[in-house]
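The primary structure of each chain is shown beneath.
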Amino acid sequence: MGKIIAFSNQKGGVGKTTTAINLAAYVAIAGKKVLLVDFDPQGNATSGYGIEKNELQSTVYDVLMGYNSVNEVAMQTMIPNLHILPSNSDLAGAEVDLVSLPARESTLKRALASVKGNYDYIFIDCPPSLGLLTLNAMVACDSVIIPIQSEFFALEGVTQLLNTLKIVKQRLNPQIEINGVVLTMYDTRTTLSKQVTAEIYKYFSNKIYTVPVPRNIKLVESPSFGVPVVLHAPRSNGALAYQALAKQFLEREEG
């Protein structure tokens, strides 16, 4: 039975989608069957895999609404073993459309139940907010990866995310836990990065992945080419960091 992991941080611009895209690629390259669920109406994970999101006939929105099954909508990516459940701006309407549904916070969980056994890992790229979509991801997942940027306001908003996780654990999903924290956009040259990292370590201690992801132009470029960094610049610092992160992720998950 596959594990479902949500990538969440309501603060935008922290490398959340970059982490979901590239960790999914490297975990699939390691031989695991992976489904990447683009659960952000911006559809950046979808376009990051070269899919023309505005031309899609059906998306994760149609799965949520019960119009299609996951298997009908999921697409094979250019990475063997990796499928993506694509998204576009249609998903923005789900916040409104779900409100009237019974057990609306469990809609994604029910949708993924039919395919959970087909994959080793299902990664959910959450929107940068704590609305009904993110709540659905929290209810559906087994654990959460929190990407945190190594900058001054890094911990701002994380308290709110942790409070949300606590409420979800108490009321909706008692199994949910923090899988780990990924330090993104790390700059070894600045004292600030080191100071912020020290604060994050105080906060999360052994939950932190020891592989920080550096600021790297190749990571920024690769979505514009519609491929993960392993296909764009496999020897770049960014690629090597995500490769090492995937190794550590699998060691943590599978011992």
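A few points on the structure. Every value quoted in this text rests on a predicted model; they were computed, and no experiment measured them.

All right, on to empty space enclosed by the protein then. According to the stated counting rule, one finds one cavity of 30 Å³ or more in the structure shown. Empty space within the largest cavity amounts to approximately 40 Å³. Taken together, Thr18, Ile21, Asn22, Gly48, Leu219, Ser222, Pro223, Val227, Pro228 and Val229 make up the full set of residues lining the largest cavity. For the lining of the largest cavity, the element with the most residues is helix H1 (residues 16–29), which contributes three residues. The residue makeup of the lining of the largest cavity, split by class, is six nonpolar, four polar and no charged.

Moving on to the layout of surface pockets. When its volume is computed, the largest pocket comes out at roughly 480 Å³. Going through the elements one at a time, H1, helix H2 (44–48) and helix H10 (217–221) are the ones with two or more residues in the lining of the largest pocket. Looking at the lining of the largest pocket, the element that brings in the most residues is H1, giving four residues. The residue makeup of the lining of the largest pocket, split by class, is 10 nonpolar, 10 polar and four charged.

Before going further, it helps to spend a moment on helix H8 (residues 158–171). The periodicity of an α-helix, 3.6 residues per turn, causes residues three or four places apart in sequence to face the same way. With 14 residues, H8 should reach 20 Å at 1.5 Å per residue; the first-to-last C-alpha distance of 20 Å fits that figure. Within the span of H8, buried status applies to Val158, Leu161, Thr164, Leu165 and Val168. Relative to the axis of H8, the buried residues are bounded by an arc of 115 degrees and lie together on one face. The exposed set on the far side of H8, more than 90 degrees from its buried face, consists of Lys166, Gln170 and Arg171. Contacts from the buried residues of H8 go to helix H7 (132–140), strand S6 (143–149), strand S7 (177–184) and helix H9 (191–204).

Rules and cut-offs
- Residues numbered from 1 in each chain as written.
- Predicted model: local features only at pLDDT ≥ 70, side-chain atom pairs only at ≥ 80, totals over all residues.
- Heavy atoms only, no water.
- 1 Å grid on protein atoms, 1.4 Å probe; cavity = no way out; pocket = protein on both sides within 12 Å on 5 of 7 lines; lining within 4 Å.
- Points joined across faces, edges and corners; volume = space filled by probe spheres on them.
- Helix = DSSP H or I, 4+ residues; strand = E, 2+ residues; numbered from the N terminus.
- Nonpolar A, V, L, I, M, F, W, Y, C, P; charged D, E, K, R; others polar.
- Expected span 1.5 Å × (residues − 1).
- Buried < 20%, exposed > 50% of the residue type's maximum accessible area, 1.4 Å probe, protein only.
- Arc of directions from axis to C-beta.
- Contact = heavy atoms within 4.5 Å.

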